[in-house]
Structure formats: structure tokens, C-alpha cells
Amino acid sequence: MPRRKPEPRPGQIGEYWPSKRPGYESDGESWHRTWYDAEARQTRRVSLGEADFGRACDALLDWFVKNKRPVKAAREDILIDEVLAWYWEEHAKHLASAASEKRFIDAWLRFWAGRSVSEITRLEQVAFRADLVKGRNIGVASIDRMLATGRAAILHAVNLERLESAPKIYMQQTKEQKRSAKPKGRPLKIAELVTLFDKVRSAHAFMYLMLAVGTLARPGAILQAGPAQYDPEYHLLALNPEGRAQNRKRRPLIPVAPTLRPWLEACTGRTFVQYRGGAIKSIRGIFQTFTEDLGAPVAPYSIRHTVARQARRQRVPGEELQLFLGHLPDDEVTAIYAPYEPDYLTGMVDAIEEVYAQVAKLTVHRSLMLEPRLVVGGAPQLVALPRAILGGIGDAKRAEVRRLILDRVPHAEIVRQTRVSSGTVSTIRKEVSSVTSLLRVTTTRRPKA
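The structure reproduced in this document is the subject of the present report. Given the structure is predicted, the values throughout are model-derived calculations rather than measurements.

Quick notes on the rules
Along each chain, residues carry numbers from 1 onward, in the same order as the chain's sequence is written. This being a predicted model, a pLDDT of at least 70 is required before a residue's local features are given, and a value of 80 or more before pairs of side-chain atoms are given or counted; all residues contribute to the totals for chains, interfaces and linings. Based on all heavy atoms of the structure, the side-chain values leave hydrogens and waters out of the count. The way it works is that DSSP assigns letters per residue, a run of H or I at least four long becomes a helix, a run of E at least two long becomes a strand, and they are numbered from the N terminus. Working definition: with a 1.4 Å probe on protein chains only, accessible area under 20% of the residue-type maximum means buried, over 50% means exposed, and in between means partly exposed. Two residues form a contact once any of their heavy atoms are found within 4.5 Å. Areas reported here follow the Shrake-Rupley algorithm with a probe of radius 1.4 Å; residue values treat only the protein chains shown as occluding. Patch membership is restricted to residues that have no salt bridge and whose relative accessible area is over 30%. Joining uses 9 Å for like charges and 5 Å for the nonpolar side chains Val, Leu, Ile, Met, Phe, Trp and Tyr. We define a salt bridge as a contact between a side-chain nitrogen of Lys or Arg and a carboxyl oxygen of Asp or Glu at a distance within 4 Å. Only four residue types enter the charge count, namely Lys and Arg as positive and Asp and Glu as negative; His and the chain termini do not. By convention, the charge on Lys lies at NZ, on Arg at CZ, on Asp at CG and on Glu at CD. If DSSP finds at least two bridges between two strands, the strands pair. Buried Ala, Val, Leu, Ile, Met, Phe, Trp, Tyr and Cys residues form a nonpolar core when they are joined through side-chain atoms within 4.5 Å. Fitting a line to C-alpha atoms yields each axis, with helices limited to the stretch in contact; the angle taken between N-to-C directions then spans 0 to 180 degrees. Taking the helix axis as origin, the arc is that swept by the directions to the C-beta atoms. An angle below 35 degrees is read as roughly parallel, one above 145 as roughly antiparallel, one from 65 to 115 as roughly perpendicular, and any other as oblique. Residues are grouped as follows: Ala, Val, Leu, Ile, Met, Phe, Trp, Tyr, Cys and Pro are nonpolar; Asp, Glu, Lys and Arg are charged; all remaining types, including Gly, are polar. The rule is short: rings of Phe, Tyr and Trp, with Trp giving its six-membered ring, pair when the centres are within 6.5 Å, and they are stacked under 30 degrees, edge-to-face over 60, tilted in between.

Some words on the overall build of the protein chain
- Across its full length, the protein chain carries 20 helices and 8 strands.
- For the protein chain, the residues scored as buried account for 42% of the 449 residues in total.
- A separation of at least 24 residues holds for 62% of the contacts in the protein chain among residues at least 6 apart in sequence.
- Total accessible area computed for the protein chain in this model is approximately 25200 Å², and 51% of it derives from carbon and sulfur atoms.

Laid out in C-alpha cells, this is it:
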């Protein structure tokens, strides 16, 4: 068995690491890009121009990505951390899932840092998978997601012709297991979907629900979508924004159902789903609240699967459903021109309209569904839903939240006990904090003599 290389230094990328000159380790001194020159048998240093270690590591990564670009190098000549650095800087950090990708890259680095790509053997992958689950309660799907990030990084290097070839990365789940796996989000009954609309507490959550039902899109596509992607003349929405390369989770060009059209046309901000004028990166908190409201698990993908099942019940052809979900047909040329044909995915549009109609018939917020300007207001960003419409949380509930905050009850426990949204609890927490800070200042200030 080959001897393991020494443990990598903090911030090390490939053969380079940040360090300070001996005798100049004070806080104000700059960090240096450091490497060992084997031919001269000397340690070399070049200043990174940064005294802060975090910024020095960023500068080292930027230099490495720009300057270390081999051409079809053999596996034994490329370190795994080099491959991961290229992948992160050039691709992964620009993804909507960048935070998750960073965690998975760190998991790879903990095991593989300082080792070459040639060491990714099947036996070592077994040890790596064992290391991933050590002390963690994660399933095979999560392990495969981590493995997929490393595989993507290696293929990134191969596709850019920096690495000659890629080793095979062995996943935990077989294709048959993936096909039989449960969907990411539990499909809902119409009554449950109505409950979500009834319990919605904010404008951005309401807009998300409308888009989720009308597009069947994945959460990232919904949160990134904006008016620039909507064609009001042909009523088409391009879920893939201009300049973004398509990947295997394709974002299609879809027709917009009549109920959703005025919602899109009323928005003039950069994205459809906004909170206080800014784009939203995650709606996890919203669905945690929905889960509490339903008393059963509900995830962002639940709406995608719910509407898809309703479409099948209404006899929508499988080809239409697949195309709407982003599964490109074999004839790509036809797919480019098909959206401008009068009957393009009309079966899916009718099915979505039927879902909207069923929800509008039962929800207490029927007026909001049919009059989006009550929510959007025609403003550059979404405005808060009027308290008169949603009823607010009430003074008694607000007082209860304040009491729990002052009693130092954990945030999640306050949300669970009061059934108030996480965002509202955070807002009240800020109010309480500002008041207590003011009291602290006024009570400790000495009176003038």
C-alpha cells in the first residue's frame, strides 16, 4: 500500500500553501504563497499582499486557478485538491447550490487532500465512504450526492483537458434503487395544497406558491426567475435565465397558464420572488412552517410532484408532462420551435388551470389568487401582505413571542410553540433586542453632576 503523504497545511492548494516569513509572524505582516523548490532544495515565498489569513487563502486560490493549468496531465501528476480548487472557483461557487457544493468539497478534502487523482482506487473509495458516515447520521442518497461533487470536479478537469482521464467513481445506489426511491417531496392532496394557501403569511411565500403550481419548476429555478425571462406576447416563461448553461436538470421554455400571467406581468423587480426588495436564496424556512401547519412533512418538491400527478389524472400525455418537467425530447430542433405553436403543451396548461381553480374554490385567499396586485402592488419589489387580509399574528401572539424571547427560549422552539413563522420571530427578536439595548444604555448612563 502506498505511503500516505504528510498532512496538508492550513489553506494549502496542491504544492502551495500560505505562510509568513520566519521571524515576521506578527499580525500586521503579509502572508506569502509558499512552495518547496525540489530542484534548488529551497522553500520559496512570494507575498500575497494580505495580512488576513482568510483573504490570503482567497488570493492564493485566485492565483492558483489563473496560473496552474496543465494540459492533459497524467492522474499521478495532479492532486485531488487541485482538481477541487478548479471546480469550485470556475463552476461550483456560481451555482444556486454553492453552499452545499462547498460542504461536499470540504468532505473530499478532509480525506483526499495531498493525494493524487491516481490514488482514487475502488478500495480507497470504500475507505472514503466509510469516512463520510463516521459519526454522522446520513443516508446513501446523501453519500452519493457528496460523491457526485467529486466526480463532477474530476470531469470538469478532464473536459478542460487539464487531466488526461478520470477514474470511475462508484456510487452507493444502483440505477434500480434510484428509480424505486421515493420522490424528494411527498405529493399532496388538493386539500393539503389549499391549506398551504390558507396558511401563507407573506407576499414572497404566496408568490412562490403561485409559481410552483404554475411552472412545476425546481426551487432554484423559481427563485432565480424574473420578468426578463417572461414573454408576455406569447405567454412563455424561459425557466433558464440568459447566460446560464443548461445541465442535466434542464430548465425548459414553458407556456404560462392564464391565472399565473397577471402575477408575472405585475412584477417589475429583478426576480419574481423577493423579500424586502432582494432576491431570496432559500425557501427552506417557509416549508418548515408549512410542515408544522399541515402536521405532516412537506418539501419544495412536493408541489412539483403534486401538480404532476394531477396532470396524469387528467390524462395529459406523458410526452407533454416530461417536456414541461424539463426532459428534452430526442428531436432538439423541434423543441426549439415547438413553444411557438398554438397547441404547445396545452394539455399541461389546462391541467394547471384546473389545479388553480380547485384551490381558488376552497381557499380563504381566493381574492388574492385572482387579484395579484393586492400582493405585488405593481411595485419594483413585492410588498408585505396587508395585515387586514392575512389577519396578522395579533397582539396577544406577539406578546407571547416577546415573553419567550426574553425567557431565552431557542428560536426553533418559539416557532414550534407559537406557530408563528421563523421570519416573524426574527423580526420581533430584533425589536426586543433594540429595546433592551436602549434600556441598558439609559439605566447605566451616569447622571450629570
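Next comes the rest of the account.
Focus: a positive patch on the surface
- A cluster of basic residues, Arg122, Arg151, Lys168, Lys184, Arg248 and Lys249, forms a positive patch on the protein surface.
- Take Lys184: it is sitting in the loop between helix H6 (175-180) and helix H7 (190-199).

What about the pairing of strand E3 (residues 42-47)?
- Pairing analysis gives 6 bridges linking strand E2 (residues 32-37) to E3, with the strands arranged antiparallel. Each residue of the ladder has a partner; that of Tyr36, found in E3, is Thr43.
- What sits between E2 and E3 in their antiparallel hairpin is a turn of 4 residues, with Arg41 showing a positive phi close to 55 degrees.

Quick look at the nonpolar core
- In terms of nonpolar packing, the biggest core is built from 66 residues, with Phe197, Leu216, Phe272 and Met348 touching the most fellow members.
- Formed by 40 residues, the second largest nonpolar core is a distinct cluster that contains Leu48, Leu60, Ile80 and Trp112.

Details of the sheet that holds E3
- On the basis of which strands lie adjacent, the open sheet formed by 3 strands has the order E1-E2-E3 and antiparallel pairing. Strands at the two margins of the open sheet, each flanked by one partner only, are strand E1 (17-19) and E3. Neighbouring strand axes in the sheet, compared pairwise and without regard to direction, differ in orientation by 45 degrees on average.
- Pairing analysis gives 3 bridges linking E1 to E2, with the strands arranged antiparallel. Bridge pairing links Trp17 to Thr34 in E2.

Quick word on helix H19 (residues 411-418)
- The set of residues buried in H19 consists of Ile414, Val415 and Thr418. Burial along H19 is one-sided: seen end-on, the buried residues are contained in an arc of 100 degrees. Along H19, exposed side chains directed more than 90 degrees from the buried face belong to Ala412 and Arg416.
- Once H19 finishes, Arg419 follows within two positions and takes phi at roughly 60 degrees, a positive value.

A few points about the sheet that holds strand E5 (residues 236-238)
- If you trace the 3 strands from one edge of the open sheet to the other, you get E4-E5-E6, paired in antiparallel fashion. Where the open sheet ends on each side, the last strands, each with one partner, are strand E4 (230-231) and strand E6 (253-255).
- Bridge analysis of E4 against E5 gives 2 bridges, and the strand direction is antiparallel. Paired with Asp231 across the two strands is Leu236, which belongs to E5.

A look at the packing of helix H1 (residues 53-67) against helix H2 (residues 80-90)
- Here H1 crosses H2 at 100 degrees, and the two axes come no closer than 10 Å. Classed by the angle they form, the pair H1 and H2 counts as roughly perpendicular. Taken together, the residues of H2 that come into contact with H1 (itself represented by Leu61, Phe64 and Val65) are Glu82, Ala85, Trp86, Trp88, Glu89 and Glu90.
- Residues belonging to the contact of H1 with H2 are distributed by class as follows: 6 nonpolar, no polar and 3 charged.

What about the packing of aromatic side chains?
- Per the stated rule, a full pass over the model turns up 13 aromatic pairs.
- Taking the centre distance of 5.3 Å and the plane angle of 35 degrees together, the rings of Phe111 and Phe128 count as tilted. One end of the pair, Phe111, is in helix H3 (residues 98-112); the other, Phe128, is in helix H4 (residues 122-133), and 17 residues separate them in sequence. Here the two residues Phe111 and Phe128 agree in accessibility, since each one is buried.
- Here Phe287 and Phe290 contribute two aromatic rings whose centre-to-centre distance is 5.3 Å and whose plane-to-plane angle is 90 degrees, an arrangement assigned as edge-to-face. Here Phe287 pairs with Phe290, and both are found in helix H11 (residues 284-294), just 3 residues apart, close to one helical turn. When sorted by exposure, Phe287 lands in the same class as Phe290, which is buried.
- Three or more aromatic residues link up through ring pairs in this structure, and these residues are Trp108, Phe111, Trp112 and Phe128.

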